[in-house]
Amino acid sequence: MIKIRTAEKADCARIMELVYQLAVYEKAPEEVTVTQQEFEEAGFGEKPVWKAFVAEVNGVVEGFALYYIRFSTWKGCRMYLEDFFVTKEHRCRGIGKMLFDTIIREAREKGFNGIVWQVLEWNTPAINFYKKYTARFDGEWINVALEIAPETHDKALQ
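Here's a quick rundown of the structure. (Residues numbered from 1 in each chain as written. Predicted model: local features only at pLDDT ≥ 70, side-chain atom pairs only at ≥ 80, totals over all residues. Heavy atoms only, no water.)

Another point: the overall build of the protein. Of regular secondary structure, the protein possesses five helices and five strands. In the protein, the succession of helices and strands from N to C terminus is β-α-α-β-β-β-α-β-α-α. Taken over C-alpha atoms, the radius of gyration comes to 17 Å for the protein, in line with the 15 Å a tight globule of 158 residues would show. Along the first, second and third principal axes, the C-alpha set of the protein runs to 55 × 35 × 30 Å. Counting over 158 residues, the protein shows a buried share of 34%. Counting only contacts in the protein whose residues sit at least 6 apart along the sequence, the fraction spanning at least 24 positions is 57%. Accessible area of the protein: about 11,000 Å², with a carbon and sulfur share of 53%. (Helix = DSSP H or I, 4+ residues; strand = E, 2+ residues; numbered from the N terminus. Rg over C-alpha atoms; globule rule 2.2 N^0.38 Å. Buried < 20%, exposed > 50% of the residue type's maximum accessible area, 1.4 Å probe, protein only. Contact = heavy atoms within 4.5 Å. Areas by Shrake-Rupley, 256 points an atom, 1.4 Å probe, with all protein chains shown as cover.)

Right, here's the structure in full:
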């Protein structure tokens, strides 16, 4: 039995396990540095910044979709799908479609005018999945990130 529901604080440990599985799949497990406490606080603390849906199979969380609100000066409020993952053993059973359809429904209900996310260029199964939704792929933009540590931030301001 598959059940899609809103994530609860009690799901955080399992979601973090799945985040790590996703990082392994994406060949970057060393990039997962968030602590369990930080993750829980960011989702269920005083000022939550993310929301997630989980897919339960026979009472065990086997997938999740985690998003936050992104504001575009060109487009307005949009959903940013940070992570979307189903365990290897449960793929190709319709769980991903159920989760993704839930995300689309949530975006519509919240009045967002779009959903944006990233997919690795070599992740052909994911790319093919998104193509079924007629998602638009944009190869023009380059991803940029800046890690902020107290000493790095101070040097940049000098």
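Following the structure, the description resumes.
Attention now moves to the pattern of salt bridges. Counted according to the given criterion, the structure contains seven salt bridges. Residues arginine 14 and glutamate 17 are paired through a salt bridge, measuring 2.9 Å at the closest nitrogen-oxygen approach. In this pair, arginine 14 and glutamate 17 are both assigned in helix 1 (residues 12–25), three residues apart and thus about one turn of the helix distant. Salt-bridge contacts for lysine 97 lead to aspartate 101; the nearest nitrogen and oxygen are separated by 2.7 Å. Within this pair, lysine 97 and its partner aspartate 101 are both found in helix 3 (residues 95–110), separated by four residues, close to a single helical turn. Salt bridges here are not isolated pairs; linked through shared partners, they connect Arg5, Asp11 and Glu56. (Salt bridge = Lys/Arg side-chain N within 4 Å of Asp/Glu carboxyl O.)

Among the structural elements, arginine 5 can be located in strand 1 (residues 2–6). Arginine 5 gets classed as buried once you look at its relative accessible area, which sits at 15%. The spatial distance from the C-alpha of arginine 5 to the C-alpha of threonine 102 is 9.0 Å, given a sequence separation of 97 residues. Side-chain polar atoms of arginine 5 contact the side chain of aspartate 11, separated by 2.7 Å. (Polar contact = N/O pair within 3.5 Å; in protein donor to acceptor, adjacent residues only side chain to side chain.)

A few words now on the packing of aromatic side chains. In this description, a pair of aromatic rings is defined by centroid distance and the angle of the planes. This model, assessed by the stated rule, comprises 14 aromatic pairs. Taken together, a centroid distance of 5.6 Å and an interplanar angle of 45 degrees make the contact between phenylalanine 100 and tyrosine 130 tilted. Placement of phenylalanine 100 in helix 3 and of tyrosine 130 in helix 4 (residues 124–131) is noted, with a sequence separation of 30 residues between them. The residues phenylalanine 100 and tyrosine 130 share a single accessibility class, namely buried. Through successive ring pairs, a cluster of aromatic residues spans Phe84, Phe100, Trp117, Phe129, Tyr130 and Tyr133. Over the aromatic face of tryptophan 122 sits the side chain of lysine 27, whose NZ or CZ is 3.9 Å from the ring centroid. When the ring centre of tyrosine 25 is taken as reference, the NZ or CZ atom of arginine 91 above it lies at 5.3 Å. (Phe/Tyr/Trp six-rings, centres within 6.5 Å; stacked < 30°, edge-to-face > 60°. Lys NZ or Arg CZ within 6 Å of the ring centre and 35° of its normal.)

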